[in-house]
Each structure stands twice: as C-alpha cells, then as structure tokens.
Amino acid sequence: MLLAVVGPGIITGNVDNDATGITGYALAGSQFGYDLLWLLIVTAICLVAIQSMVARMGTVTGKGLSDLIRERFGIAPTLWVMIFLFFANAATTVAEFAGVGGAAQLLFGDVARYAAIPIAALLVWFLVLRGSFRVVERVLLLLTLAYLGYIVSAFLAHPKWGDVIHHTVVPTFHFTPSFILIFITIVGTTITPWMAFFQQSNVADKGLHPDDLRYERIDTVAGILMLNVVAFFIIVATGATIFAAHVTVDPSDPSAFSKIALALKPLAGQYAEQLFAIGLLNASLMAASVLPLSTTYAITEAFGLERGIDKSFREAPVFLTIYTAMIVIGAGIAMFPGAPLVLITNLPNIINGMLLPLLLPLLILLANDKRIMGRYANSPLFNVFSGAVMLFLTAVTLAFLASIFFPGVFRGH
C-alpha cells in the first residue's frame with residue numbers, strides 16, 4: 001500500500017533541490033563551512049508543517065490548492081496568487097535550463113551548452129506530455145537516485161565528522177551581512193510556494209483518499225528528509241574542501257556553482273567534480289519538468305479549466321499550451337548570449353518572498369475550515385505549530401526583501 005501511495009512527497013522534496021538550491025547550499029558550505037548545518041533542521045520542521053497540510057487537504061478533498069483558494073476566498077486573491085506564482089516559476093524555469101547548460105559545460109566543454117539545453121527541453125516536454133502519469137512519476141522517482149552522488153562527494157572530501165555533528169546540533173550565527181544573506185537564501189530556496197501547489201495537485205491527480213493519508217504522511221516526511229540530507233552533504237562537501245582551502249567564490253556570480261565544482265577537482269579529486277556536475281544536471285532536469293507542471297496545474301485549477309498530463313490537446317488545450325510555452329521560453333532565454341542570469345536567479349526568490357506571506361495564512365485558514373476538511377481539520381496544537389512556522393518564515397521573508405530593496409540594512413557602510 002505504501003509503495004502504491006508514495007511519490008508526491010518524495011518527488012516534491014527532491015525537486016526542491018534544483019539548480020538554485022544546490023548553488024545556495026554550495027555557497028553556504030564554501031563561505032561558512034559547517035556553520036549553517038543546524039538551519040536544515042529548522043527548515044525541515046517548517047516544511048513538515050506546510051507540506052503535511054497540503055497533503056492532508058489533497059487526500060481529503062481530492063482538489064488542488066488553487067481550487068480550494070478560489071472556492072473559499074474568491075477570484076481576486078486567487079488571481080494575485082497566480083500572477084506571483086507564474087512569474088516566480090517562469091523565472092526559475094529559466095534558471096533550471098541555465099543549470100542544464102552549466103552542467104553540460106562542466107562535463108563536455110563550453111560548446112555543449114547550446115546542444116544540451118534544446119535537447120533537455122525536448123526530452124522534458126516529451127516525457128511529461130507524451131508519457132502517462134505513472135510513467136512520469138516513476139522516471140522522476142528514478143532520477144532522485146542521482147542525488148546519492150552528493151553523499152559520495154562529501155565522503156571523498158574527508159570532513160572532520162566531529163565538527164560536522166557539532167555544527168548540526170549547536171546553532172551558530174554570525175551578525176555579518178554576508179552570513180545573514182546566506183541564511184535568508186537557504187530558507188528561501190528550501191521553502192517555496194510551488195511545493196505546496198505541486199504536492200497537493202499531485203496527490204489529487206493520483207486519486208488518493210483519506211484512507212491513504214497515513215501513507216501519504218510517510219511519503220511527505222520521506223521527501224523532506226531526502227531534501228535535507230542532500231543539502232546537508234552538499235554543505236559538508238564544500239565546507240570540507242573550498243572553505244577549508246580558503247577558495248573565494250563570489251555569490252553574485254551566476255556561474256558560482258560551476259566555479260565551485262571546478263574548485264572541487266584539485267581538492268577532492270576529479271570524481272567529486274563530475275558527481276557535482278551530474279547532480280546539477282539531474283536537479284535541473286527534474287525541476288525543469290516539475291516547475292512548469294506545477295504552475296500549469298495551479299493556473300488551470302484556479303480558473304476551473306481542464307487539466308492533466310494524460311489529457312490530449314483537444315481535451316485540455318490551455319493546460320498543454322501553458323506548459324509548452326514555459327518550456328520554450330525558459331530554454332530560449334537560458335540559451336540567449338548575455339542573458340542577465342544574476343537577475344534571473346534572484347527574481348524567483350524576490351517574487352516567492354512576496355508570495356509566501358500571502359499564501360501561508362490562506363493555507364492555515366483552509367486547513368482549519370471544517371466545511372472543507374471535516375474531522376481532518378487542524379488540531380489546536382497543530383495550529384500553534386503552524387502559526388509559529390508562519391511567523392518565522394514571514395520574518396525571514398521580510399528580512400530578505402529588506403536586503404533587496406534596502407541593501408544598507410545588512411551591508412552596513
């Protein structure tokens with residue numbers, strides 16, 4: 001029964017380790033060693049609160065999150081949420097295809113970027129729109145195995161495991177501009193609004209019912225655990241090599257991940273560099289498949305349009321058109337010489353930062369509505385838990401937005 005239910009949570013968790021996420025974790029390790037490992041426990045707790053609610057709502061109602069927002073709050077809030085979500089995910093899709101190009105350059109040389117991106121776009125489009133739901137799910141689950149490469153890379157780096165364990169359980173915080181910005185980036189890249197929309201739609205599309213809820217909770221927690229384990233070993237690998245060797249990496253450089261991977265070669269061996277490049281390619285392909293799909297599901301659900309990857313173009317024209325357009329635009333911009341990749345990389349985080357404080361209260365209100373959830377509504381204790389998570393994430397989001405619009409707040413003089 002568990003094997004029949006598993007999928008939505010594990011796929012959602014692993015896809016969150018996308019190109020921007022991997023770069024963020026690698027920057028955390030390369031700039032501050034193991035100092036931010038403890039933050040992964042905090043982000044895991046926050047994700048359990050959020051993803052547990054959407055998994056529960058998906059199994060109980062059989063509807064996606066956009067459907068419930070429209071039915072409960074009306075068209076205007078739904079429209080604003082969809083606008084923010086579309087632009088954030090469209091910009092992130094560009095970043096994912098840029099990640100495909102960067103990984104191809106590391107593995108096969110500079111020219112490979114221009115061949116790898118269109119091939120990846122066609123592969124992603126064909127897999128999702130010409131494969132059945134079950135085939136797509138199994139392929140995405142299989143791709144999660146590639147993340148084992150980051151664990152191998154960490155062991156190749158020969159870290160001091162006593163220091164690793166210490167920083168995992170004992171919080172370290174530096175009141176410096178660079179540390180605060182990386183702290184905010186780690187939270188922002190780990191906890192994103194698209195995850196809530198995708199997992200709930202995926203649960204509903206899979207046809208799960210309240211009887212499956214116990215197994216879907218296991219699936220959800222497993223996905224969150226896998227996400228944070230991968231992040232943990234990326235930070236360990238880069239902390240034990242690049243940070244220890246005092247190699248400087250500019251976090252504003254859009255090719256920062258490539259430079260980190262290249263720096264691993266003399267420090268941890270050629271295989272560490274190749275494993276990191278393969279991991280980046282895998283992460284980018286997974287996210288390039290799921291992010292446009294999440295967006296398309298959310299928009300078509302929000303406005304009551306036909307949807308589903310098993311549908312033909314005649315049955316769901318808007319669904320298939322939006323998905324195809326996001327793939328084409330994302331790949332096209334990523335291939336364009338001189339594209340503003342710094343802006344493209346940061347834009348999703350800015351928009352997600354504006355969306356998260358709007359989405360979380362709606363999510364908690366929906367999960368508490370007994371007309372929707374019946375006996376599966378949030379308990380008082382879970383409300384305290386989710387409320388604390390909302391306050392923490394809102395504070396971090398406001399700090400991130402302040403760092404963008406008022407940079408002097410964190411950078412000093």
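Residues numbered from 1 in each chain as written. Predicted model: local features only at pLDDT ≥ 70, side-chain atom pairs only at ≥ 80, totals over all residues. Heavy atoms only, no water.

### Things to note about the overall build of the protein chain
Assigned secondary structure in the protein chain consists of 20 helices and zero strands. The proportion of buried residues among the 413 residues of the protein chain is 56%. Across the protein chain, contacts joining residues at least 24 apart in sequence account for 84% of those joining residues at least 6 apart. Taken as a whole, the protein chain presents about 16900 Å² of accessible surface, with 71% of it coming from carbon and sulfur. (Helix = DSSP H or I, 4+ residues; strand = E, 2+ residues; numbered from the N terminus. Buried < 20%, exposed > 50% of the residue type's maximum accessible area, 1.4 Å probe, protein only. Contact = heavy atoms within 4.5 Å. Areas by Shrake-Rupley, 256 points an atom, 1.4 Å probe, with all protein chains shown as cover.)

### Regarding the nonpolar core
Met-57, Leu-65, Phe-97, Phe-197 and Leu-393 are the most contacted members of the largest nonpolar core, which totals 114 residues. Setting aside its immediate chain neighbours within four residues, Leu-65 contacts Met-57, Ala-196, Phe-197, Gln-200, Glu-301, Leu-359, Leu-363 and Leu-366. (Core = buried A, V, L, I, M, F, W, Y, C linked by side-chain atoms within 4.5 Å.)

### Quick word on the pattern of salt bridges
Within the structure shown, the criterion is met by four salt bridges. Where Arg-72 meets Asp-369, a salt bridge forms, and the shortest distance between an N and an O atom there is 2.8 Å. Pair noted here: Arg-72 is in helix α5 (residues 65–73) and Asp-369 is in the loop between α17 (341–368) and α18 (370–373), with a separation of 297 residues, a long-range link. Overall, Asp-369 belongs to the buried group, its relative accessible area being 8%. Between Arg-371 and Asp-369 there is a salt bridge; the shortest N-O distance is 3.2 Å. In this structure Arg-371 comes out as exposed when scored by relative accessible area, which is 71%. (Salt bridge = Lys/Arg side-chain N within 4 Å of Asp/Glu carboxyl O.)

### What about the packing of α5 against helix α6 (residues 75–108)?
Between α5 and α6, whose axes approach to 7 Å, the crossing angle comes to 145°. On α6, the residues touching Ser-66, Ile-69, Arg-70 and Phe-73 of α5 are Ile-75, Pro-77, Thr-78 and Met-82. Grouping the constituent residues of the contact of α5 with α6 by class yields five nonpolar, two polar and one charged. (Axes fitted to C-alpha atoms, helices over the stretch in contact; angles between N-to-C directions. Nonpolar A, V, L, I, M, F, W, Y, C, P; charged D, E, K, R; others polar.)

### What to know about the confidence of the model for the protein chain
When pLDDT is averaged along the protein chain, the result is 81; 83% of the residues meet or exceed 70. Averaged over each element, pLDDT in the protein chain is lowest for helix α1 (residues 2–5) (52) and highest for helix α10 (residues 161–169) (94). (pLDDT = per-residue confidence, 0-100.)

### Considerations on the packing of helix α2 (residues 8–15) against helix α12 (residues 193–206)
Axis angle and axis distance: for two packed helices, these are the angle between their axes and the distance between the axes, and together they describe the pair. Two elements in contact, α2 and α12, have axes whose closest approach is 9 Å; the angle formed by their N-to-C orientations is 155°. One element, α2, and the other, α12, form an angle in the roughly antiparallel class. α12 is crossed by α2, and the crossing has right-handed handedness. Facing α2, whose interface residues are Pro-8, Gly-9, Ile-11, Thr-12 and Val-15, α12 presents Trp-194, Met-195, Phe-198, Gln-199, Asn-202, Val-203 and Lys-206. (Parallel < 35°, antiparallel > 145°, perpendicular 65-115°, else oblique. Left-handed = near helix turned anticlockwise from the far one by under 90°.)

### Remarks on the side chain of Thr-59
Turning to its location among the elements, Thr-59 is positioned in helix α4 (residues 37–61). For Thr-59, a relative accessible area of 2% puts it in the buried group. A distance of 3.0 Å separates a polar side-chain atom of Thr-59 from the backbone oxygen of Arg-56. With near-sequence residues (within four places) excluded, Thr-59 lies in contact with Val-203, Leu-208, His-209, Pro-210, Leu-213 and Glu-216. (Polar contact = N/O pair within 3.5 Å; in protein donor to acceptor, adjacent residues only side chain to side chain.)

### Structural notes on α2
Owing to its 3.6 residues per turn, the α-helix aligns residues three or four sequence positions apart on the same side. The buried count for α2 comes to eight of eight residues, which makes it a mostly enclosed element. Taken together, the buried positions of α2 are Pro-8, Gly-9, Ile-10, Ile-11, Thr-12, Gly-13, Asn-14 and Val-15.

### Remarks on the packing of aromatic side chains
Summed over the entire model, instances satisfying the criterion amount to 12 aromatic pairs. Relative to Phe-179, the ring of Phe-32 lies with its centre 5.0 Å away and its plane at 85°, an arrangement referred to as edge-to-face. One end of the pair, Phe-32, is in helix α3 (residues 19–32); the other, Phe-179, is in helix α11 (residues 177–190), with 147 residues separating them in the sequence. For the pair shown, Phe-32 and Phe-179 are each scored as buried. Taken together, a centroid distance of 6.0 Å and an interplanar angle of 40° make the contact between Trp-38 and Phe-183 tilted. In this pair, Trp-38 sits in helix α4 while Phe-183 sits in helix α11, placing the two residues 145 residues apart along the sequence. Here Phe-183 falls in the buried class, since its relative accessible area comes to 10%. Pairwise contacts between aromatic rings join Phe-32, Trp-38, Phe-173, Phe-179 and Phe-183 into one cluster. (Phe/Tyr/Trp six-rings, centres within 6.5 Å; stacked < 30°, edge-to-face > 60°.)

### As for a nonpolar patch on the surface
Taken together, the side chains of Ile-75, Leu-79, Trp-80, Ile-83, Phe-87, Phe-303, Leu-305, Val-318 and Leu-358 present a nonpolar region at the surface, about 780 Å² in accessible area. For the nonpolar patch, the element with the most residues is α6, which contributes five residues. By secondary structure assignment, the location of Phe-87 is in helix α6. Judged by relative accessible area, Phe-87 falls into the partly exposed class, the value being 48%. (Patch = residues over 30% accessible without salt bridge, like charges linked within 9 Å, V, L, I, M, F, W, Y side chains within 5 Å.)

### Comments concerning the environment of Leu-320
One can find Leu-320 in helix α16 (residues 317–335). Under the relative-accessibility criterion, Leu-320 is labelled buried at 7%. When the C-alpha positions of Leu-320 and Leu-293 are compared, they lie 9.5 Å apart, and in sequence the two are 27 residues distant. Setting aside residues no more than four positions away along its own chain, Leu-320 makes contact with Leu-129, Lys-311, Ser-312 and Phe-313.

### Comments concerning the environment of Asn-89
With respect to the helices and strands, the residue Asn-89 is situated in helix α6. Those residues in contact with Asn-89, other than ones at most four positions away along the chain, are Trp-194, Leu-291, Ser-294, Thr-295 and Met-326. Among the polar contacts listed, one links the side chain of Asn-89 to the side chain of Thr-295, at a separation of 2.8 Å.

### As for α10
Turning to α10, its buried residues are Val-164, His-167 and Thr-168. Buried residues along α10 cover an arc of 105° about the axis, so they all sit on one side. Within α10, the exposed residues directed more than 90 degrees away from the buried face are Gly-162, Ile-165 and Val-169. (Arc of directions from axis to C-beta.)

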